[in-house]
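# Breakdown of the fold
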Amino acid sequence: HNLLITTSRNPSKNTIGLAKDLSNLLPNNIRIKRGNIKLSQLFNICKTRKFESLILLHESAGIPNGFLLHIFTYNISVFFSIKKYISSIDMKKKRIGLSKIEGGKSIVLSENNPHSNNIFLILTKIFNYTVSNQRKLNIVLIKKDKIFIRNYIASYNKKKLIETIPRLELKLIKIKLMKNS
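Residues numbered from 1 in each chain as written. Predicted model: local features only at pLDDT ≥ 70, side-chain atom pairs only at ≥ 80, totals over all residues. Heavy atoms only, no water.

Each turn of an α-helix holds 3.6 residues, which means side chains three or four residues apart point in the same direction. Leu42, Phe43 and Cys46 are the residues of helix H2 (residues 39-48) that are buried. Seen end-on, H2 carries its buried residues on one side only, within an arc spanning 100°. Lining the buried residues of H2 we find strand S1 (3-6), strand S3 (53-60) and strand S4 (63-71). (Buried < 20%, exposed > 50% of the residue type's maximum accessible area, 1.4 Å probe, protein only. Helix = DSSP H or I, 4+ residues; strand = E, 2+ residues; numbered from the N terminus. Arc of directions from axis to C-beta. Contact = heavy atoms within 4.5 Å.)

Shown next, in the form of structure tokens:
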């Protein structure tokens, strides 16, 4: 597994739901309940178990509002704010398809500028599928500091794409190069 996904210490149902949705979306991950694990312990767990990346979800007043993505192989931390999140619960209400299909294809599109190119490199690291599934497609669009993520599965009998969970709109807040430890 390349990616560890976890939450704040005492997450709300909404944040737990986002952790589950991200776990279904991103390849090669393990989702854990953080509990009383300190941040330094979390980083040590990642290093000793050779995780390449860590996603730590944040919330305010029970609403997920951002996450830290730390990529150990690049030694950088990136903070994204969550501008819009449509969860699996919201999708059920709208009767939009749900999917737990492993593997898939990702298309990451970016404007051609240095800022967007940096985000492109970061996101292609966590959307890197080792198992290919022809039915699942993730589309990530990067426009300046905004990221739009949509997910689809192919419906063979109707020959169309059906949107699946989650739908995310993110904004890049900060990219920080970390000191070697």
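Moving on to the nonpolar core. The biggest cluster of nonpolar side chains holds 30 residues, and the ones touching the most others in it are Leu22, Leu26, Ile55, Leu69, Phe80, Leu123 and Ile147. Residues in contact with Leu22, not counting those within four places in the same chain, are Ile5, Asn29, Ile55, Leu57 and Leu168. Among the nonpolar cores identified, the runner-up in size contains 9 residues, and Leu54, Leu56, Leu68 and Phe72 belong to it. (Core = buried A, V, L, I, M, F, W, Y, C linked by side-chain atoms within 4.5 Å.)

In low-pLDDT regions, the fine details of the predicted coordinates are not to be read closely. Considering every residue of the protein chain, the mean pLDDT works out to 82; 83% of them sit at 70 or more. Across the protein chain, the secondary-structure element scoring lowest on mean pLDDT is helix H3 (residues 88-94), at 59, and the one scoring highest is S3, at 96. Counting interchain partners and residues more than four positions distant, the pLDDT-below-50 stretch residues 95-101 has 22 contacts. (pLDDT = per-residue confidence, 0-100.)

Moving on, we get to the pattern of salt bridges. Within the structure shown, the criterion is met by 3 salt bridges. Residue Asp145 pairs with Lys146 through a salt bridge whose shortest N-O separation is 3.9 Å. Among the salt bridges present, the one from Asp145 reaches Lys171, with a minimum N-O distance of 3.8 Å. With Asp145 in the loop between strand S7 (136-143) and strand S8 (146-155) and Lys171 in strand S9 (residues 160-177), this residue pair connects regions lying 26 residues apart in the sequence. Put simply, Asp145, Lys146 and Lys171 are held in one network by salt bridges that share partners. (Salt bridge = Lys/Arg side-chain N within 4 Å of Asp/Glu carboxyl O.)

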